[in-house]
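Okay, here's what each chain looks like letter by letter:
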Amino acid sequence: MISSYKKPDFFKQKGRSSDLFLLIVEGENTERLYFERLKAICGRESNIRIKTETTSGGDIDAMLRLARAKIKESKNRKNILNAPFKKVYIIIDRDRFLNSQIPGIGLKPLQNAINSISKNKEKIEIIISAPCFEYWYLLHFCKQRPCGQAKLFKLLNKHLKCKNILSSNYSYSKKEADTKRMLEKFFQETDISIAISNSKSVTNQYVSNGDDRLDRDPCTEAHKLIEELELDKTK
């Protein structure tokens, strides 16, 4: 039951805002289930609106078209409960775009989408995790930078089992039932402020080294989204 979850201090609200956000995620269970659970923990006053977009391997053009359509549609809303979206976030895994030759999928289309949003000054932001969103999970425990998804998952499994979030005879799984079960304990046993601090630290190292945004691996921009949502809640 949602009521049994321990709500982190990070999400204590000091006021109510009518601002609404839209999160567009890829077809995998990971991001969708994480933010749905996050929304539930935030409570009924949450201003997060979630839309799940299923794409064949991460079609950024389709996700961007959806974002623009939803913004346009939301502008026609007249009441405060369905106000226009303040901002739309597109949440993606970089590994889906790396070395792909499929039209609409690859680092070049991704960079083109980023440039288009910036040029048009749109209320859209692409949130990138490399190699995948699971690095955000890992940052709740440490700020190590494992090379490759296999090493990332091995380290994540170690920490999840150490915290008894996963039983010793289980391994991290992307399956919906397994992810839901894992997240129940994950939000109780972790501190999101640690993840934000670790994520900023890792990002700053890349920035100091002059690394291009799309070359930062492992890295995640999830903290930017989490912080903006928190700032909106504490006005």
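Because the structure is a prediction, the values reported are computed rather than measured.

### A few points about the packing of helix α2 (residues 60-74) against helix α3 (residues 107-120)
At step 1: Between α2 and α3, the shortest axis-to-axis distance is 9 Å and the interhelical angle comes to 25 degrees. When the interaxial angle is binned, α2 and α3 end up roughly parallel. When α2 is examined against α3, the residues Ile60, Leu64 and Arg68 are found in contact with a partner set consisting of Pro109, Leu110, Ala113, Ser116, Ile117 and Asn120.
At step 2: In terms of residue class, the contact of α2 with α3 is made up of six nonpolar, two polar and one charged.

### Thoughts on helix α5 (residues 149-162)
At step 1: Helix length check: α5, at 14 residues, gives a terminal C-alpha distance of 20 Å against a target of 20 Å (1.5 Å per residue), a fit within 8%.
At step 2: Of the positions making up α5, those classed as buried are Leu152, Phe153, Leu155, Leu156, Asn157, His159 and Leu160.
At step 3: Taken together, the buried residues of α5 touch α4 (134-138) and α6 (176-189).
At step 4: Following α5 by one or two positions, asparagine 164 has its phi on the positive side, about 60 degrees.

### Observations concerning the packing of aromatic side chains
At step 1: Tallied over the entire structure, the rule returns twelve aromatic pairs.
At step 2: Ring centres of phenylalanine 141 and phenylalanine 186 lie 6.1 Å apart, and the angle between their planes is 80 degrees; on these two criteria the pair is classed as edge-to-face. Taken as a pair, phenylalanine 141 in the loop between α4 and α5 and phenylalanine 186 in helix α6 lie far apart in primary sequence, 45 residues in all. One exposure class covers both phenylalanine 141 and phenylalanine 186, and it is buried.
At step 3: Feature note: the residues Tyr34, Phe35, Phe133, Tyr137, Phe141, Phe153, Tyr172, Phe186 and Phe187 constitute an aromatic cluster, connected by ring pairs.
At step 4: In this arrangement the basic side chain of arginine 145 is found over the ring face of tyrosine 206, its NZ or CZ atom lying 4.8 Å from the centre.

### A few points about the nonpolar core
At step 1: Core analysis: the biggest nonpolar cluster contains 42 residues, and Tyr34, Phe35, Trp136, Tyr137, Leu160, Met182 and Phe186 have the highest contact counts within it.
At step 2: Excluding anything up to four places from it in sequence, phenylalanine 186 contacts Tyr34, Tyr137, His140, Phe141, Leu160 and Ile165.
At step 3: Residues Phe85, Val88, Ile124 and Ile126 belong to the second largest nonpolar core, which totals 23 residues.

### Remarks on the pairing of strand β3 (residues 85-93)
At step 1: The buried fraction of β3 is high, at eight of nine residues.
At step 2: Pairing of strand β1 (residues 20-25) with β3 involves six bridges; the strand directions are parallel. Paired with isoleucine 24 across the bridge in β3 is isoleucine 90.
At step 3: For β3 and strand β4 (residues 124-130), the ladder comprises six bridges, and the chain directions are parallel. Each residue of the ladder has a partner; that of isoleucine 91, found in β4, is isoleucine 127.

### Notes on α6
At step 1: An ideal rise of 1.5 Å per residue puts 20 Å on 14 residues; α6 measures up with 20 Å between its terminal C-alpha atoms.
At step 2: Those residues of α6 that sit buried are Thr179, Met182, Leu183, Phe186 and Phe187.

### What about the confidence of the model for the protein?
At step 1: Averaged over the protein, the pLDDT score is 84; the fraction of residues at 70 or greater is 79%.
At step 2: Across the protein, element-level confidence peaks in strand β5 (residues 219-220) with a mean pLDDT of 98 and bottoms out in strand β2 (residues 48-52) with 65.
At step 3: Segment residues 1-8 is flagged for pLDDT under 50; beyond a separation of four residues in sequence, or across chains, it makes twelve contacts in the model.
At step 4: For the stretch residues 231-235, pLDDT sits under 50, and the model shows 17 contacts to residues farther than four places along the chain or on other chains.

### Looking at the packing of helix α1 (residues 29-42) against α6
At step 1: Interhelical geometry of α1 versus α6 gives an angle of 40 degrees and a closest axis separation of 10 Å. On the basis of their axis angle, the class for α1 and α6 is oblique. Where α1 crosses over α6, the two elements pack in a sense that is right-handed. Along its contact with α1, which presents Asn29, Arg32, Leu33, Tyr34, Arg37, Leu38 and Ile41, the element α6 presents Glu176, Thr179, Lys180, Leu183, Phe186 and Phe187.
At step 2: Class assignment of the residues belonging to the contact of α1 with α6 gives a composition of seven nonpolar, two polar and four charged.

### A word on the pattern of salt bridges
At step 1: Enumeration over the complete set of coordinates arrives at 13 salt bridges.
At step 2: A salt bridge links glutamate 125 to lysine 87, with the nearest nitrogen and oxygen atoms 2.7 Å apart. Here glutamate 125 is found in strand β4, whereas its partner lysine 87 is found in strand β3, with 38 residues between them in sequence. Side by side, glutamate 125 and lysine 87 carry an identical accessibility label, which is buried.
At step 3: Close ionic contact of aspartate 178 with arginine 181 constitutes a salt bridge, the shortest N to O distance being 2.5 Å. Here aspartate 178 pairs with arginine 181, and both are found in helix α6, just three residues apart, close to one helical turn.

Parameters at a glance
- Residues numbered from 1 in each chain as written.
- Predicted model: local features only at pLDDT ≥ 70, side-chain atom pairs only at ≥ 80, totals over all residues.
- Heavy atoms only, no water.
- Axes fitted to C-alpha atoms, helices over the stretch in contact; angles between N-to-C directions.
- Helix = DSSP H or I, 4+ residues; strand = E, 2+ residues; numbered from the N terminus.
- Parallel < 35°, antiparallel > 145°, perpendicular 65-115°, else oblique.
- Contact = heavy atoms within 4.5 Å.
- Nonpolar A, V, L, I, M, F, W, Y, C, P; charged D, E, K, R; others polar.
- Expected span 1.5 Å × (residues − 1).
- Buried < 20%, exposed > 50% of the residue type's maximum accessible area, 1.4 Å probe, protein only.
- Phe/Tyr/Trp six-rings, centres within 6.5 Å; stacked < 30°, edge-to-face > 60°.
- Lys NZ or Arg CZ within 6 Å of the ring centre and 35° of its normal.
- Core = buried A, V, L, I, M, F, W, Y, C linked by side-chain atoms within 4.5 Å.
- Pairing = 2+ DSSP bridges.
- pLDDT = per-residue confidence, 0-100.
- Left-handed = near helix turned anticlockwise from the far one by under 90°.
- Salt bridge = Lys/Arg side-chain N within 4 Å of Asp/Glu carboxyl O.

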